[in-house]
Amino acid sequence: MIISMSQTESKHSLRSPDRAFRLEQFQDYLRFERGLSKHTLSAYSRDVENCISFLAEKGVADPNLVSSKLLRTWVFALHKTGFAPSSIRRAQSAVRTFFQFLLSEGWVSIDPTERLESPRIGERLPEFLTREETEKLLRAPIPEKRFYWRDRSILELLYASGVRVSELVSITGTTLDLDDSSITVFGKGSKERIVPIGTPALRTLKKYLTKLRPKLDRGEGRGYVYLNAHGRPLTRESVWKLVKNSGRIAGIKKNISPHTLRHTFATHLLEGGADLAAVQELLGHVDISSTQIYTHVDREYLRKIHERYHPRA
């Protein structure tokens, strides 16, 4: 069944016919990894639920059984039902993101969206912070607060390394090398990479490890570096809330999340003259096309460089 746009809007949440589609985990990924707004999250969820409903009517209740041909049939059905071209492009984008998530988590072995026609819309540039905004965010934690060193360390490390929030909360004593100022990170698809961390991030991390973590650890930390008030491993949601709250304290008007600091990390590296391939490796992107978007992020910056140094500017 293809639900009309009005019906989709009125039915706030269709229920997946089978938990195998991992819709709840996908929504957590969008919220805490990608930092999407409530509006965008709701739209993506509706689009994916719509597709899952269509698949269920075709007798498909397992994402591993979804084929490219079946998805093309779904897109044709959207056209036939009267969905606007922009809505169809958004729906395709949502389902493509959904299957890429399932693939990265190992829940499907093949991405059936690879042969779907790409949406013909310009890719939205990721939100990032200016250098001034970044400094304000890093100074947001209050020194007198109990969790100052932990919170400051998390913000510093997200900006210094560009790691995903899921990678940050997974850091353990065995993956952290203080002598080498680096972290071994296991990214999407369990792809391993070594990420260096700068002096400010290393300094605040050492402060946290010596001044606060021993007081938090009650034997339930399981070796993870970042712990909550109960001595258990910190969750992605907690880090997301920390970044949001820090942005509010810093007076930053942008809708920021841990992923914003990842975008900021990449943008500032390229502004400073870093090689695109090096940034790709640091971010853990398999395909350099995923990194190339950052070459277009700060067009005003590039325009100023051109005006300043080109003899014919």
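All values reported here derive from a predicted model rather than from experimental measurement.

**Q** What exactly am I supposed to notice about the overall build of the protein chain here?
**A** Broken down by element type, the protein chain carries 15 helices and three strands. Looking at the protein chain as a whole, 46% of its 313 residues are labelled buried. In the protein chain, 63% of the contacts between residues at least 6 apart in sequence involve partners at least 24 apart.

**Q** What should I look at first to understand helix α6 (residues 131-138) in this one?
**A** Since the α-helix advances by 3.6 residues per turn, residues separated by three or four positions end up pointing in the same direction. For α6, the set of buried residues is Glu133, Thr134, Leu137 and Leu138. Looking straight down α6, one finds its buried side chains confined to an arc of 135°; they lie on one side. Taken together, the buried residues of α6 touch α7 (148-161), α11 (236-249) and α12 (258-271).

**Q** When you look at the packing of helix α2 (residues 23-33) against helix α3 (residues 38-57) in this model, what are you seeing that I'm missing?
**A** The geometry of a pair of packed helices is captured by two quantities: the angle between their axes and the separation between those axes. In contact at an axis separation of 10 Å, α2 and α3 are set at 155° when each is read in the N-to-C sense. What the angle tells us is that α2 and α3 run roughly antiparallel. Helix-helix and strand crossings are classified by hand; for α2 and α3 the assignment is right-handed. Facing Leu23, Phe26, Gln27, Leu30 and Arg31 of α2, the residues of α3 in contact are Leu41, Tyr44, Ser45, Val48 and Glu49. Residues that form the contact of α2 with α3 fall into these classes: six nonpolar, two polar and two charged.

**Q** Mind showing me how you'd approach the sheet that holds strand β3 (residues 192-196) here?
**A** Strands pair in a sheet through their backbones, by hydrogen bonds, and they do so in one of two ways: parallel or antiparallel. Read from one edge of the open sheet, three strands run β1-β2-β3, paired in antiparallel fashion. Edge strands, defined here as strands with exactly one partner in the open sheet, are β1 (176-177) and β3.

**Q** Just checking my understanding: could you explain the side chain of Arg262 for this structure?
**A** Mapped onto the elements of the fold, Arg262 is located in helix α12. Salt bridges are absent for the buried Arg262, whose nearest opposite-charge side chain, Glu167, sits at 4.6 Å. A polar side-chain atom of Arg262 sits 2.6 Å from the main-chain carbonyl oxygen of Gly162. What Arg262 contacts, discounting residues up to four positions off in sequence, is Gly162, Val163, Arg164, Arg193, Leu283 and His285.

**Q** What is the right way to read the nonpolar core from this model?
**A** For soluble globular proteins, nonpolar side chains are generally found buried alongside one another. In terms of nonpolar packing, the biggest core is built from 36 residues, with Ile154, Leu158, Leu168, Tyr208, Tyr226 and Val239 touching the most fellow members. Of all the elements in the fold, those that place two or more residues in this core are α6, α7, α8 (165-169), β2 (182-186), α9 (199-211) and α11. Contact partners of Ile154, with chain neighbours within four places excluded, come to Leu168, Tyr226, Leu234, Val239 and Leu242. Grouped together as the second largest cluster of nonpolar side chains are 32 residues, Leu36, Leu78, Phe98 and Leu102 included.

**Q** Looking at this structure, I do not really get the pairing of β3. What am I missing?
**A** On β3, burial follows the alternation: Arg193 and Val195 on one face are buried, whereas Glu192, Ile194 and Pro196 on the facing-out side are not. Pairing geometry for β2 and β3, over five bridges, is antiparallel. When the bridges of β3 are listed, Ile183 appears paired with Val195.

**Q** What exactly am I supposed to notice about the pairing of β2 here?
**A** Here is the key point about a regular strand: its side chains alternate between the two faces of the sheet. Here β1 pairs with β2 via two bridges, running antiparallel. When the bridges of β2 are listed, Leu176 appears paired with Ile183. The loop that links β1 with its antiparallel partner β2 comprises four residues; one of these, Ser181, has a positive phi angle of about 55°.

**Q** Any chance you could explain the side chain of Arg150 here in plain terms?
**A** You can see Arg150 is positioned in helix α7. Setting aside its immediate chain neighbours within four residues, Arg150 contacts Tyr208, Leu212, Tyr226, Leu227, Asn228, Ala229 and Leu234.

**Q** Please clarify how the pattern of salt bridges should be interpreted in this entry.
**A** Opposite charge on two side chains permits them to pair, given that their charged atoms come into close proximity. Across all of its chains, the model carries 14 salt bridges by this definition. Where Asp217 meets Arg213, a salt bridge forms, and the shortest distance between an N and an O atom there is 3.3 Å. Residues participating in the shared-partner salt-bridge network are Arg164, Glu167 and Arg193.

**Q** Sorry if this is basic, but what is going on with unusual backbone geometry here?
**A** Note: most residues except glycine have negative phi, and most peptide bonds are trans. One non-glycine residue with positive phi stands out, namely Arg22, at about 55°. In this structure, Ser181 is a non-glycine residue whose phi angle is positive, near 55°. Here Ser181 lies in the loop between β1 and β2.

**Q** How should I be thinking about a positive patch on the surface in this particular structure?
**A** On the surface, a cluster of positive charge is contributed by Arg146, Arg203, Lys207, Lys211, Lys215 and Arg218. If one sorts the elements of the positive patch by residue count, α9 sits on top with three residues.

**Q** What exactly am I supposed to notice about the packing of α7 against α11 here?
**A** Running from amino to carboxyl end, α7 crosses α11 at an angle of 90°, the nearest separation of the two axes being 11 Å. Relative to α11, the element α7 is oriented roughly perpendicular. Every residue of α11 that contacts α7 at Asp151, Ile154, Leu155 and Leu158 is listed here: Val239, Leu242, Val243 and Ser246. A class-by-class count of the residues in the contact of α7 with α11 yields six nonpolar, one polar and one charged.

Thresholds, definitions, all that
- Residues numbered from 1 in each chain as written.
- Predicted model: local features only at pLDDT ≥ 70, side-chain atom pairs only at ≥ 80, totals over all residues.
- Heavy atoms only, no water.
- Helix = DSSP H or I, 4+ residues; strand = E, 2+ residues; numbered from the N terminus.
- Buried < 20%, exposed > 50% of the residue type's maximum accessible area, 1.4 Å probe, protein only.
- Contact = heavy atoms within 4.5 Å.
- Arc of directions from axis to C-beta.
- Axes fitted to C-alpha atoms, helices over the stretch in contact; angles between N-to-C directions.
- Parallel < 35°, antiparallel > 145°, perpendicular 65-115°, else oblique.
- Left-handed = near helix turned anticlockwise from the far one by under 90°.
- Nonpolar A, V, L, I, M, F, W, Y, C, P; charged D, E, K, R; others polar.
- Pairing = 2+ DSSP bridges.
- Lys, Arg positive; Asp, Glu negative; His and termini not counted.
- Salt bridge = Lys/Arg side-chain N within 4 Å of Asp/Glu carboxyl O.
- Polar contact = N/O pair within 3.5 Å; in protein donor to acceptor, adjacent residues only side chain to side chain.
- Core = buried A, V, L, I, M, F, W, Y, C linked by side-chain atoms within 4.5 Å.
- Patch = residues over 30% accessible without salt bridge, like charges linked within 9 Å, V, L, I, M, F, W, Y side chains within 5 Å.
- Areas by Shrake-Rupley, 256 points an atom, 1.4 Å probe, with all protein chains shown as cover.
- Charge placed at Lys NZ, Arg CZ, Asp CG, Glu CD.

This is a description of form; function is not addressed.
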